[in-house]
Structure formats: structure tokens, C-alpha cells
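A look at the structure
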Amino acid sequence: ILARSELLDVEDLAWATVGERALAPGIVDSLVYMRDVEGFTPTYLDGLGSHPTTLADPIVRRFFEVWTAEEAEHSRAIDRYLHVY
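Each chain has its residues counted from 1, following the order in which its sequence is written. For this predicted model, a pLDDT threshold of at least 70 governs which residues receive local features, and a threshold of 80 or more governs which side-chain atom pairs are given and counted, while totals over whole chains, interfaces and linings are taken from all residues. Processing note: side-chain calculations cover all non-hydrogen atoms of the structure and skip hydrogens and water entirely.

Right, let's get into the packing of aromatic side chains. Ring pairs are drawn from Phe, Tyr and Trp, using the six-membered ring of Trp, whenever the two centres fall within 6.5 Å, and their geometry is named by plane angle: stacked under 30 degrees, edge-to-face over 60, tilted for the rest. Scanning the entire structure with this criterion turns up four aromatic pairs. With a centroid separation of 6.2 Å and 50 degrees between ring planes, the pair formed by Phe 63 and Phe 64 is classed as tilted. Type-normalised accessible area, obtained with a 1.4 Å probe on protein chains alone, sets the label of each residue: buried when under 20%, exposed when over 50%, and partly exposed for intermediate values. Classification of Phe 64 by relative accessible area gives buried; the value is 12%. Relative to Trp 67, the ring of Phe 63 has its centre 5.8 Å away and its plane inclined at 20 degrees; by these criteria the two rings are stacked. Note that Phe 63 and Trp 67 are positioned in helix H4 (residues 58–84) at a spacing of four residues, about one turn of the helix. With a relative accessible area of 39%, Phe 63 lands in the partly exposed category. On the basis of relative accessible area, Trp 67 is assigned to the partly exposed category, the value being 23%. Secondary structure counts use DSSP, requiring at least four H or I residues in a row for a helix and at least two E residues in a row for a strand, with both numbered from the N terminus.

Written as C-alpha cells, this is what we have:
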């Protein structure tokens, strides 16, 4: 899984068309929530990774690095959509 991991690429999305259709009520609030959950991943890792045996495991440490990078990219993509919308 770690070897196949890659960051989300959103450059090929039709950003110019964002907002052409109104979102259903509550969708923007849900997207804000999703953006924040994805963006708060480093906070979760502070607790998970604070135990010395957790970070001593190289596979777990690498997973945390990959997970943090992927979640940050998800947060950026949702934030970009919200700003464009």
C-alpha cells in the first residue's frame, strides 16, 4: 500500500465549471467539515505517534508520513473547490 500511494491530482478537473450548478442545501457545510477532518490529521498523529514504540516501528512511521501527506492533499483539494465555488 505504501509503495502504491500517491497524492491526489486535481489539475485535470474542470475547475472553470465549478459553481455552474448550485449545491443542495447542507453540501457546503459538509464539505467544510470534510476539509477540516482531512486537515486535522496531523493532530490525530500527535496522539498516535507520541508513544515511543509506535514511532520506533519503521512501517508505522512511514504509514503516518504517507497518511499525513495524502490527507493534507485531500484537504487542499476540498478547500480549493470551496474557494472556487
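Now that the structure has been shown, we can carry on.
Turning our attention to the environment of Leu 23. Secondary-structure assignment places Leu 23 in the segment before helix H1 (27–39). Leu 23 sits in the partly exposed class, given a relative accessible area of 27%. Linking Leu 23 and Tyr 85, residues 62 residues apart in sequence, is a C-alpha distance of 9.3 Å. By the convention used here, residues are in contact when the closest approach between their heavy atoms is within 4.5 Å. In this view, Leu 23 contacts Val 28, Leu 31, Tyr 81 and Tyr 85; residues no more than four positions away in its chain are not counted.

Right, let's get into the side chain of Glu 38. Positionally, Glu 38 belongs in helix H1. The charge count includes Lys and Arg as positive and Asp and Glu as negative, but it does not include His or the ends of the chains. Put simply, a salt bridge is a Lys or Arg side-chain nitrogen that is within 4 Å of an Asp or Glu carboxyl oxygen. Buried charge without a partner: Glu 38 forms no salt bridge, and the closest opposite charge is Arg 76, 11 Å away. Here Glu 38 is in contact with Glu 71, Ala 72, His 74, Ser 75 and Ile 78, once residues within four sequence places are set aside.

Moving on, we come to the pattern of salt bridges. A side chain of one charge can pair with a side chain of the opposite charge when the charged atoms of the two come close. Tallied over the entire structure, the rule returns five salt bridges. Between Arg 80 and Glu 11 there is a salt bridge; the shortest N-O distance is 2.9 Å. Taken as a pair, Arg 80 in helix H4 and Glu 11 in the segment before H1 lie far apart in primary sequence, 69 residues in all. The exposure class of Arg 80 is partly exposed, given its relative accessible area of 30%. Linking Glu 73 and Arg 76 is a salt bridge whose minimum nitrogen-to-oxygen distance equals 2.7 Å. Of this pair, Glu 73 and Arg 76 both sit in helix H4, separated by three residues, roughly a single helical turn. Given the relative accessible area of 48%, Arg 76 is considered partly exposed.

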